[in-house]
Amino acid sequence: MRILVVEDNSELAQWLGRTLRKEQYTVDCIDNGVDADFALKSEKYNLVILDLALPRLDGKEVLRRLRARQDSTPVLVLTANNTVQSRVSELDHGADDYMAKPFDIEELEARIRMLLRRSSGLSNPVISCGDLTYNTNSREFQIAQKPMALTPRERAVLEMLMRQAGASITKYALAQSLFSLNEDTSTDAIEIYVHRLRKKLEHSSAQIMTLRGLGYLLRPTGNE
């Protein structure tokens, strides 16, 4: 899952980036509103963490432009102004959630998980496909209640497939969720990760199907 952090405080942004990467998220950090607006036009993110007091273009305008493009990417606003009027204004302008600075990192991570579940249309934190399960809180995969050993990239691909189980996902969409702005987006690499995942799912009742011209689909075995 790919997160954009828009924060002009470099120390805070770097700390957030490191913390979220440790939790196996792909993270881009941008320090001004103009570059953030451009990235949101050209890249696909699963979540945006947005400071409001930004140079060059403030966070409210970044959010307004995002929603004007009919882009429903979840946005969690960081704000130093924690008045009721400010919170109401942020939510009315299209934010999905907000946190006042300073904040607790565990609460931020919980809110991120909640927003990602909501954007995937999920209410239960545990997703199942056959005997394959994924706990969105612990970020753990299991087959028949036994933990899976996965590399970070394999985990990221399988998470995307699990969150949209039964629906096709293109190689390009999978690649965008895996690679940050300073990495080459490689659709060829996706084929390698899918191949490895298929081997690890051989004895499960979940399978990854290739849909020619469409991408990949995760479904229980035996479904036609």
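Whatever comes next refers back to the structure up there.
Reading the values: rules and limits
- Residues numbered from 1 in each chain as written.
- Predicted model: local features only at pLDDT ≥ 70, side-chain atom pairs only at ≥ 80, totals over all residues.
- Heavy atoms only, no water.
- Pairing = 2+ DSSP bridges.
- Helix = DSSP H or I, 4+ residues; strand = E, 2+ residues; numbered from the N terminus.
- Axes fitted to C-alpha atoms, helices over the stretch in contact; angles between N-to-C directions.
- Contact = heavy atoms within 4.5 Å.
- Expected span 1.5 Å × (residues − 1).
- Polar contact = N/O pair within 3.5 Å; in protein donor to acceptor, adjacent residues only side chain to side chain.
- Salt bridge = Lys/Arg side-chain N within 4 Å of Asp/Glu carboxyl O.
- Buried < 20%, exposed > 50% of the residue type's maximum accessible area, 1.4 Å probe, protein only.

Q: Any details on the sheet that holds strand β4 (residues 75-79)? Residues and values, ideally.
A: Spatial ordering of the open sheet is given by β2-β1-β3-β4-β5, a layout of five strands whose pairing is parallel. Strand pairing shows two members of the sheet lacking a second neighbour, β2 (26-30) and β5 (97-100), which therefore form its edges. Put simply, the sheet's adjacent strands are angled 15 degrees from each other on average, direction ignored. Where strand β3 (residues 47-51) and β4 come together, four bridges link them in parallel fashion. Within the sheet, the bridge partner assigned to D51 lies in β4 and is L78.

Q: Give a description of the sheet that holds strand β6 (residues 126-129) that names residues and reports values.
A: Read from one edge of the open sheet, four strands run β6-β7-β8-β9, paired in antiparallel fashion. The sheet terminates laterally at β6 and β9 (146-147), the two strands that pair on one side only. Direction of pairing for strand β7 (residues 132-135) relative to strand β8 (residues 140-143): antiparallel, over a ladder of four bridges. The residue of β8 that forms the bridge with Y134 is F141. Lying on the sheet, helix α6 (residues 152-163) is in contact with β6, β7 and β8; it crosses β7 at an angle near 100 degrees.

Q: Talk me through helix α1 (residues 10-22); I want residue IDs and the actual numbers.
A: Taking 1.5 Å of rise per residue, 13 residues should cover 18 Å, and α1 covers 18 Å from first to last C-alpha, within 8% of that figure. Here α1 starts with a cap whose side-chain oxygen sits 3.1 Å from the backbone nitrogen of E11, and that cap is N9. Of the residues one or two after α1, Q24 is the one with positive phi, at around 75 degrees.

Q: Please give an account of the pattern of salt bridges that cites residues and values.
A: Side-chain pairing between opposite charges can occur once the charged atoms of the two side chains come close. As enumerated under the stated definition, the model contains 18 salt bridges in all. In this structure, the salt-bridge partner of R2 is D28, at a minimum N-O distance of 2.8 Å. Of this pair, R2 sits in strand β1 (residues 2-6) while D28 sits in strand β2, and the two are 26 residues apart along the sequence. Just as R2 is buried, D28 falls in that class too. In this structure, E159 and R139 form a salt bridge, with 2.9 Å as the shortest nitrogen-oxygen distance. Taken as a pair, E159 in helix α6 and R139 in the loop between β7 and β8 lie far apart in primary sequence, 20 residues in all. Under the relative-accessibility criterion, E159 is labelled buried at 1%. A single network of salt bridges, built from pairs that share partners, joins D37, K41, E61, R64, R65 and R69.

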